[in-house]
Amino acid sequence: MDKALRRPVIAGNWKMNNTPEQTKALIDALKPLVADADCDVVVCTPYIDLYAALDAAAGSNIKVGAENCHWAAKGAFTGEVSAEMLKAIGVPYVIIGHSERRQYFGETDLTVRDRTRAAVDNGLKVILCVGEVLEERQLGITDEIVRKQTKVALDGIKEEELASIIIAYEPVWAIGTGLTATPAQANEVCAVIRALIAELYSKDAADHIVIQYGGSMNDGNAADLLAQYDVDGGLIGGASLVAEKFAKIVEAASK
Ligand code: PGA
């Protein structure tokens, strides 16, 4: 099996940053820098910025994503946005299960599963986030935690639907902390996820699924992380807010 069978995906997770005006400026700055990328390039923005992002990215190789979506098509869910709504405005990607949603907004493995189902049903590509907190790593249960999160999220997803799923391994202790998993640590857990895909589906599915690493990936450490056999891309927070830094990560993934 050749790592080259999987096209890397570099996705920015802007979190709660940027106004529509700033969105346009950042994407305009990014466009020429990533025009020759030999990987998929995605920027995930706050809902309020999606129109500006779609507009600014039109005709370029930059794809746009949202940072969450609800499992229901519509209804009494104040403050939420459905997968159907994202589809309606032409947003192709969505992040689901980010640790900040799990940590601060009561997201559970089961709600992650339901949101994933709705996104796939609406033809969106899901960046499904899993990862252990520091205490879990210290207890030596990282593999179990990540396997459980992934298994529950994929409940009901058929093998032919896996083309719509990217898994992002994001150790929570490495997110926004400046602490990065070592390339070996990142690869080890991405390999555990790939083995689970083989177990749940098939060797072929495992060989093809894109598994990203996320957690303080930046222009300085990206090349080493992305060179790992089981790391097929990155989900980038802080460094995705600076066009030059994000572009350098895209460049590292294109080699
Ligand atoms: P970070 O965030 O790169 O700022 O650590 C990654 C993420 O939360 O997706």
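What you are looking at is a predicted structure, and each value in this text was computed from that prediction instead of being measured.

(A) Representation of helix α5 (residues 109-121). In a regular helix each residue adds 1.5 Å, so 13 residues correspond to 18 Å; α5 covers 18 Å between its end C-alpha atoms and thus fits that length. Burial in α5 covers these residues: Asp109, Thr111, Val112, Arg115, Thr116, Ala118, Ala119 and Val120. Among the structural elements, α3 (83-88), β4 (93-96), α4 (99-104), β5 (125-130), α7 (142-153) and β6 (165-169) are those in contact with the buried residues of α5. Where α5 ends, the next residue or the one after it, glycine 123, has phi of about 75 degrees, a positive value.

(B) Expanded view of the pattern of salt bridges. In the structure shown here, the tally under the stated rule is 19 salt bridges. Where aspartate 38 meets arginine 7, a salt bridge forms, and the shortest distance between an N and an O atom there is 3.1 Å. Residue aspartate 38 is found in the loop between α1 (20-34) and β2 (40-44), and its partner arginine 7 is found in the segment before β1 (9-13); the two are separated by 31 residues along the sequence. Judged by relative accessible area, which is 40%, arginine 7 ranks as partly exposed. Close ionic contact of aspartate 232 with arginine 194 constitutes a salt bridge, the shortest N to O distance being 2.7 Å. Here arginine 194 lies in helix α8 (residues 183-200) and aspartate 232 lies in the loop between α10 (222-226) and β8 (233-236), a separation of 38 residues in the sequence. As far as the burial class goes, aspartate 232 and arginine 194 line up, both buried. Residues joined by salt bridges that share partners form a network here, namely Arg6, Arg194, Asp230 and Asp232.

Reading guide: rules and limits
Residues numbered from 1 in each chain as written. Predicted model: local features only at pLDDT ≥ 70, side-chain atom pairs only at ≥ 80, totals over all residues. Heavy atoms only, no water. Helix = DSSP H or I, 4+ residues; strand = E, 2+ residues; numbered from the N terminus. Expected span 1.5 Å × (residues − 1). Buried < 20%, exposed > 50% of the residue type's maximum accessible area, 1.4 Å probe, protein only. Contact = heavy atoms within 4.5 Å. Salt bridge = Lys/Arg side-chain N within 4 Å of Asp/Glu carboxyl O.

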